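The residues making up each chain are set out below.
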Amino acid sequence: MLNSLQEKSASSFLLVFFFVCSIFSAIVPPFQSPDEFEHIKRAYLFGHGEIVLRAFEGRSNGGAIDSGLLRYMEAYEEIAQHPDKKISTDSLREADSIRWEHAKQFTSVIGGAYYFPAIYAVHAFGLRLGEMLDLTLGASYRLTRMLLLAATCGVLLIAFRLFPPPPLVYALLIIPMSLFQFSSASLDGIATALSLLIISAFLRIQASGKGAAPWIFYLMLCAWMLVASSRLHLFSLLFMAIVVCFISRRKTHLIATVLAACFVILWQIIVMKTLVDGRVNLHATSAQIIAFYLQHPVSFLSLLFATATNHTIASGYFSSFFGMLGWLDAPFRGKEYLFLGALTVVIAGLSIGWRDLGKQHLTRLLLVSCAVASVFTIFFALLVTWTPHPATLILGVQGRYLLVPVALLAYATSGLSLRLPATQEKIAVIVTLLLGVYSCSITTGLLLDRYYLQMAAQ
């Protein structure tokens, strides 16, 4: 599918991407991505065989975590969500020298309890390896970060080799929010990479027809199971597997798709039955809220419209899409968002296969439908799990959740299996490079200012 130039471009991009994210990973202190504490706890428990988290005596779901790991987390809790708190070299060294204690205590793990833990496989391997080698917690954590980044770049490489991404997809990976999240031990990086793998595999099969290698479909389906069981708003990507079933006419494909869908649905049922989340008082159970809005769909649409047209909320979506770093406590000043938005819009325009938009209507419609369904699911999921009932606005949505839907739209409007005109492609590459340089520059400055420089000035 890719010619040699496209392969070299994808490989070169990912090499630079890995290098840049490695630098940011070294700059950013541990646990500075939203809910990263919960992600690491969930990964640790998965590494020790915990699948469904338990709830005791009305407490939120959780499990037995190594006491040393908990002490390591506590050392960084005062930095998260406190933008006035900085970190010194001495405190960083002291925290990173904490060792595994091989004694456990029960702690709640709410943020990760919703997710089927298989997507934490790399996290779990890194932590387990550090524990078995008796490394310090700092070394174990950094090892986990680097293994996760390497695995994420590996998944992206497979995706880009299956199908060439439009320039806008490259751009989405190098905006500050993406660079920050891919550099952390969060789920965003690996979940985004797996989502792009699903899209690329589908487009490869669609372009190859019945001649596509069977392993591509099963790879796509495995990636979907990992993503949909941890990112419910991407459940709609299953439509791609269903379409492939019609293309291939293979009974085994249909059976595998049905089993995968049943698995994800079953997991959601288990979560709803077992999860105890004490963070928000919804004034009703999630099941009751779901039943209410299924009976009153117009109420949901009205809430969605009111939320999307709220100026303050919409502005927050824009900022948190491009880069509200840390625990949403490290925003840019303002003009940076305008430059980032303008450059991204230019790249989006250059990514469109203008002369080919009249072709492959069904494929484009499917990608757009998946994007729209994903956005609707994001808002509905936050409405029934994070917004007190009855609601006037839908709370909890962040702009970064929209990254994959925007990527779907990028693929839908690109040339798909056809290449962009040479001049248009060259200009797109130049503007994308400009975006990358600008993004790296402002992100570096912001991270240093957020975590270190003000303390040095004192």
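These lines cover the structure that appears in this document, whether it is placed above or below. Please read these numbers as outputs of a predicted model, since none were measured by experiment.

### A closer look at the environment of serine 439
Then comes step 1: Here serine 439 is to be found in helix H19 (residues 422–457).
Then comes step 2: When residues no more than four places from it in sequence are discounted, the contact partners of serine 439 are Ile174, Ile175, Pro176 and Leu179.
Then comes step 3: Here isoleucine 174 takes part through its backbone oxygen, which lies 2.6 Å from a polar atom of the side chain of serine 439.

### Side note on the pattern of salt bridges
Then comes step 1: For the coordinates displayed, the defined rule picks out eight salt bridges.
Then comes step 2: With a closest N to O distance of 2.8 Å, arginine 71 and glutamate 101 form a salt bridge. Here arginine 71, found in helix H3 (residues 67–77), pairs with glutamate 101, found in the loop between helix H4 (89–96) and strand E2 (104–108); they are 30 residues apart in sequence, far enough to count as distant.
Then comes step 3: The class for glutamate 101 is partly exposed, based on a relative accessible area of 37%.
Then comes step 4: The salt bridge partner of arginine 231 is aspartate 188, with a shortest N-O separation of 2.9 Å. Taken together, the residues span a long stretch of sequence, with arginine 231 in the loop between helix H10 (214–228) and helix H11 (238–248) and aspartate 188 in helix H9 (residues 188–208) at a distance of 43 residues.
Then comes step 5: Judged by relative accessible area, arginine 231 falls into the buried class, the value being 13%.
Then comes step 6: You can call aspartate 188 buried: its relative accessible area is 12%.

### Let's talk about unusual backbone geometry
Then comes step 1: Backbone torsion omega between histidine 389 and proline 390 reads 0°, so that peptide bond is classified as cis.
Then comes step 2: In this fold, proline 390 is placed in the loop between helix H17 (361–385) and helix H18 (403–413).
Then comes step 3: In this model, aspartate 35 sits at a positive phi of 65°, which is unusual for a non-glycine residue.
Then comes step 4: For aspartate 35, the position within the fold is in the loop between helix H1 (4–27) and helix H2 (36–47).
Then comes step 5: Judged by relative accessible area, aspartate 35 falls into the partly exposed class, the value being 31%.

Parameters at a glance
- One numbering rule holds for all chains: residues counted from 1, following each sequence as written.
- Per-residue local features of the predicted model are confined to residues with pLDDT of at least 70, and side-chain atom pairs are confined, for both listing and counting, to 80 or more; whole-chain, interface and lining totals are unaffected and use all residues.
- To get the side-chain values, all heavy atoms of the structure are used, and hydrogens and water are removed first.
- Strands here are runs of E lasting at least two residues and helices are runs of H or I lasting at least four, both read from the DSSP assignment and numbered beginning at the N terminus.
- By the convention used here, residues are in contact when the closest approach between their heavy atoms is within 4.5 Å.
- Here a polar contact means two N or O atoms within 3.5 Å. Within protein one must be a hydrogen donor candidate and the other an acceptor candidate, and residues neighboring in sequence count only if both atoms are side-chain atoms.
- By salt bridge we mean one thing: a side-chain nitrogen of Lys or Arg within 4 Å of a carboxyl oxygen of Asp or Glu.
- Buried means the residue's accessible area, taken with a 1.4 Å probe over protein chains only, is under 20% of the maximum for its type, while exposed means over 50%, and partly exposed covers the values in between.

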